[in-house]
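# Geometric and topological summary
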Amino acid sequence: MTSPPLQAAPIRQPTVDPLFLATPGVSTYDGQRPLSNASAFFFQRDQRLFLVTSRHVLHDPESGHHPDRIQISLHLDPQDLTRCVAYSIWLYAQGSAVWRQGSDSGGDIDVAVVEVDRDGLPKGAIIRAFTPDHLVRDFDAVATDATLCIAGFPLGFGDTLHQLPVLRHAAIASPFGIRFQGRGFFLTDARTHRGTSGAAVVMREAAPAPATRDLPWRLLGVHSARMDMGNRDSLLDESLGLNCAWYADILLTLTA
């Protein structure tokens, strides 16, 4: 009597951390002409949904960058992450910009938000979003040696099969809560590249409250650009390896 052949147990798709579903990549276009790649994340306030990125991703007169729309990928199945759909957001309506940007006493802030029409989203689109509850209210609660992550698409690189970003580990490089040189940002120490602009700078929340349990990360900032010395000798001196991250509480103003 022979035994029936053994069958391998089906491989269960691991559950992806919700951070990966809250941080889509961005492609910018002028009509059908592709321009650049960047990073972004979702932010929800009450029932309104916003896409957050760097302001220079949407409009940068200094470099002549003037896209008229952006495109992101949305997931449709929490188990089969290859099921994605492209979603476009137009940046102008009747000749006026639809994004919001801000400034403070230190000058312009390189953060912009675009409101997303929930009714216009593809059916079944999976959205994970930060909320005001994810923002840091007590600057002293962020230790100087805290480990941070930057979730984005350096040089447009990511998991193209599953449309997921990559994580860069980072450290706080200037006192958190103090505006570096009077500007509305702090410094991070991390290896970053073009395409990371607009990425969420986050810290894992060890004991999340009920309001943040579905996305257990603290939102500290919005990555903008690398910080370097203007008089650095490019042959003798390495890049500083430092970056600007705008404090995320600007989102309360931009989404008011």
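Bear in mind the structure is a predicted one, so any value in this text is a computation, not a measurement.

Definitions and cut-offs
Residues numbered from 1 in each chain as written. Predicted model: local features only at pLDDT ≥ 70, side-chain atom pairs only at ≥ 80, totals over all residues. Heavy atoms only, no water. 1 Å grid on protein atoms, 1.4 Å probe; cavity = no way out; pocket = protein on both sides within 12 Å on 5 of 7 lines; lining within 4 Å. Points joined across faces, edges and corners; volume = space filled by probe spheres on them. Nonpolar A, V, L, I, M, F, W, Y, C, P; charged D, E, K, R; others polar. Salt bridge = Lys/Arg side-chain N within 4 Å of Asp/Glu carboxyl O. Helix = DSSP H or I, 4+ residues; strand = E, 2+ residues; numbered from the N terminus. Buried < 20%, exposed > 50% of the residue type's maximum accessible area, 1.4 Å probe, protein only. Lys, Arg positive; Asp, Glu negative; His and termini not counted. Polar contact = N/O pair within 3.5 Å; in protein donor to acceptor, adjacent residues only side chain to side chain. Core = buried A, V, L, I, M, F, W, Y, C linked by side-chain atoms within 4.5 Å. Contact = heavy atoms within 4.5 Å. Pairing = 2+ DSSP bridges. Axes fitted to C-alpha atoms, helices over the stretch in contact; angles between N-to-C directions. Phe/Tyr/Trp six-rings, centres within 6.5 Å; stacked < 30°, edge-to-face > 60°.

Across all of its chains, the model carries one cavity of 30 Å³ or more by this definition. The space that makes up the largest cavity amounts to roughly 60 Å³. Lining of the largest cavity is provided by Leu 135, Val 136, Phe 139, Phe 176, Leu 219, Leu 220, Tyr 247, Ala 248 and Asp 249. Its residues assigned to classes, the lining of the largest cavity shows eight nonpolar, no polar and one charged.

Throughout the structure, instances matching the rule amount to five salt bridges. A salt bridge links Asp 30 to Arg 33, with the nearest nitrogen and oxygen atoms 3.2 Å apart.

Note on placement: Asp 110 falls in strand S10 (residues 107–116). Buried charge Asp 110 goes without a salt bridge, the closest partner of opposite sign being Arg 55 at 4.0 Å. At 3.1 Å, the side chain of Asp 110 forms a polar contact with the backbone nitrogen of Arg 55. Among the polar contacts listed, one links the side chain of Asp 110 to the side chain of His 56, at a separation of 2.7 Å.

For the rest of this paragraph, the subject is the nonpolar core. Ranked by size, the top nonpolar core spans 27 residues in total, and within it Phe 41, Val 52, Val 111, Phe 130, Val 202, Leu 219 and Leu 251 carry the most contacts. Contacts of Leu 251, omitting those with residues within four sequence positions, involve Phe 41, Phe 43, Arg 45, Val 52, Val 111, Val 113 and Leu 219. One finds Ile 72, Leu 74, Ile 89 and Val 116 within the second-largest nonpolar core, a separate group that totals 21 residues.

Right, let's get into the layout of surface pockets. There is about 420 Å³ of room inside the largest pocket. Lining of the largest pocket is provided by 19 residues; of these, Asn 37, His 56, Arg 194, Gly 195 and Ser 197 occupy positions nearest its centre. Tallying contributions element by element places strand S15 (residues 217–227) first for the lining of the largest pocket, with four residues. Residue composition of the lining of the largest pocket, by class: four nonpolar, twelve polar and three charged.

Next up on the list: unusual backbone geometry. In this model, Asp 46 sits at a positive phi of 55 degrees, which is unusual for a non-glycine residue. Inspection of the secondary structure puts Asp 46 in the loop between strand S3 (41–45) and strand S4 (48–53). On the accessibility criterion, Asp 46 (63% relative accessible area) is exposed. Its identity as a non-glycine residue notwithstanding, Leu 155 has a phi of 55 degrees, on the positive side. Within the fold, Leu 155 resides in the loop between strand S11 (147–152) and strand S12 (166–172).

Hydrogen bonds along the backbone pair up the strands of a sheet, which may run parallel or antiparallel. One open sheet accounts for four strands, arranged S3-S4-S10-S9; its pairing is antiparallel. Each end of this open sheet is capped by a strand with a single partner; those strands are S3 and strand S9 (100–104). Going across the sheet, the axis of each strand differs from the next one's by a mean of 35 degrees, ignoring polarity. Across five bridges, S9 lies against S10 in antiparallel orientation. The residue bridging Arg 100 from the neighbouring strand is Val 113, located in S10.

Here we take up the sheet that holds strand S5 (residues 69–75). Read from one edge to the other, the open sheet built from four strands follows the order S2-S1-S5-S6, with strand pairing classed as antiparallel. The sheet is open, and its two borders are formed by strand S2 (33–39) and strand S6 (84–90), each paired with just one other strand. The sheet shows a mean angle of 30 degrees between the axes of neighbouring strands, direction not considered. The sheet contact formed by strand S1 (residues 25–30) and S5 spans three bridges and is antiparallel. When the bridges of S5 are listed, Thr 28 appears paired with Ile 70.

Turning next to the packing of aromatic side chains. Throughout the structure, instances matching the rule amount to nine aromatic pairs. Ring centres of Phe 185 and Trp 246 lie 5.0 Å apart, and the angle between their planes is 80 degrees; this geometry places the pair in the edge-to-face category. Of the two residues, Phe 185 is situated in strand S13 (residues 185–189) and Trp 246 in strand S16 (residues 242–247); the sequence distance between them amounts to 61 residues. Overall, Phe 185 belongs to the buried group, its relative accessible area being 5%. Residue classification places Trp 246 among the buried residues on the basis of a relative accessible area of 4%. Between Phe 186 and Tyr 247 the ring centres are 5.0 Å apart and the planes differ by 45 degrees, which places this aromatic pair in the tilted class. With Phe 186 in strand S13 and Tyr 247 in strand S16, the pair connects residues that are 61 residues apart, well separated along the chain.

Any functional reading would require information that these geometric values do not contain.
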